[in-house]
Amino acid sequence: MKKIAYIALLAILIASCKKSNTDEELKAITKADTTVAAPKKEEELKTEVKADTINTTSKKDEDCKDIEVEMGAGRECIIKNTDLEQAYQNIIKDKEVEETEYYLATIPSQNKSVTVNKKGLISIDYQITPNKVFISMFYEGGNTEVTLEKIKNTIKKSIYHYAD
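In this convention, every chain numbers its residues from 1, walking through the sequence in written order. Local features in this predicted model are restricted to residues of pLDDT 70 or higher, and side-chain atom pairs are both shown and tallied only at a pLDDT of 80 or more, whereas totals for entire chains, interfaces and linings draw on every residue. The side-chain quantities take in all heavy atoms of the structure and omit both hydrogens and water.

(A) Structural detail: the nonpolar core. What we call a nonpolar core is a set of buried Ala, Val, Leu, Ile, Met, Phe, Trp, Tyr and Cys residues that are connected through their side-chain atoms within 4.5 Å. Only protein chains enter the accessibility calculation, which uses a 1.4 Å probe. A residue is then buried if its area is under 20% of the maximum for its type, exposed if over 50%, and partly exposed in between. Tyr103, Ile124, Ile135, Met137 and Leu148 are the most contacted members of the largest nonpolar core, which totals 22 residues. Secondary-structure elements contributing two or more residues to this core are strand E2 (72-80), helix H3 (84-93), strand E3 (112-118), strand E4 (121-129), strand E5 (132-139), strand E6 (142-151) and strand E7 (154-163). Look past the residues within four positions of Met137 in its chain and what remains in contact with it is Val97, Glu98, Glu99, Tyr103, Leu121, Ser123, Ile124, Gly142, Asn143 and Thr144. In this text, helices come from DSSP runs of H or I with a minimum length of four residues, and strands from runs of E with a minimum of two, each type numbered from the N-terminal end. Contacts are residue-level and defined by heavy atoms, with any inter-residue pair within 4.5 Å sufficient.

See the structure below:
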């Protein structure tokens, strides 16, 4: 039974990764077509270039690798030029894990547990230490662990999905 749950979780994870990559490619293609087709004022072009530079820079500053763990999968990233709060907000904004809509708006200042009981998510636990945030999401069929750790001027972001 555990093997079936693991395989199902892994299949969902792979499918969602492929879907999000396809969506990102479509957005990039659509944006490129729009930019070429519509002439813009000089001010708009400056704003657009600045926004694209910011997005490109943030992706370049993130170095990720996939990690295999027993009964699960994970991803570790080293993010340069950011802080814990910004990395946390990016997880929510980019929906890097399921059910980020149940995350607290900001990182709590002390340990906290939030009971959810929706969409199979039982609760979210926050463990706060200096320079480290550990978030455990407990589901009916497993758990997800998110760790943000400040190391000098970088953030190490780890996301692990475990089947029960």
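(B) Local environment of the pairing of E5. Within E5, six of the eight residues are buried, leaving the element largely enclosed by the surrounding structure. Strand pairing requires that DSSP identify at least two bridges connecting the strands. Sheet topology places E4 next to E5; eight bridges connect them, and they run antiparallel. Of the residues in E5, the one forming a bridge with Ile124 is Met137. A loop of two residues connects E4 with E5, the two strands running antiparallel in sequence, and Asn131 in this loop sits at a positive phi of about 65°. By the bridge criterion, eight bridges tie E5 to E6 in an arrangement that is antiparallel. Across the sheet, residue Lys132 finds its bridge partner in E6, namely Glu149. In sequence, E5 turns back onto E6 through a hairpin of two residues.

(C) Unusual backbone geometry, seen in detail. A positive phi angle, near 60°, is found at Glu99, a position not held by glycine. Relative to the helices and strands, Glu99 is located in the loop between H3 and E3. Positioned with a positive phi, Asn131 is a non-glycine residue whose angle comes to about 65°. With respect to the helices and strands, Asn131 occurs in the loop between E4 and E5.

(D) Quick look at the side chain of Thr154. Within the fold, Thr154 resides in strand E7. Whenever a nitrogen or oxygen atom comes within 3.5 Å of another N or O atom, the pair is scored as a polar contact, on the condition that within protein one atom can donate a hydrogen and the other can accept it, and that pairs from neighbouring residues in sequence are kept only if both atoms are in side chains. Engagement of the side chain of Thr154 in a polar contact is seen with the backbone oxygen of Ile151, the distance being 2.9 Å.

(E) Main features of the sheet that holds E7. Across the sheet, which stays open at both edges, the seven strands sit in the order E1-E2-E7-E6-E5-E4-E3 with antiparallel pairing between neighbours. In this open sheet, the two strands that pair with only one neighbour each are strand E1 (62-69) and E3. Across the sheet, the axes of successive neighbouring strands diverge by a mean angle of 15°, strand direction being ignored. Bridge count for E6 against E7 is 10 bridges, and the pairing is antiparallel. Angles run from 0 to 180 degrees between N-to-C directions of axes, and those axes are lines fitted to C-alpha atoms, restricted for helices to the stretch in contact.

(F) Structural view of the state of the cysteines. Disulfides are defined as cysteine sulfur pairs within 2.5 Å. Tallied over the entire structure, the rule returns one disulfide. Residue pairing for Cys64: its cysteine sulfur links by disulfide to Cys77, the two sulfurs lying 2.0 Å apart. Between Cys64 and Cys77, the S-S torsion sits near 110°, and that sign places the bridge as right-handed. Here the residue Cys64 occupies a position in strand E1, and Cys77 occupies one in strand E2, the gap between them amounting to 13 residues. Here Cys64 falls in the partly exposed class, since its relative accessible area comes to 24%.

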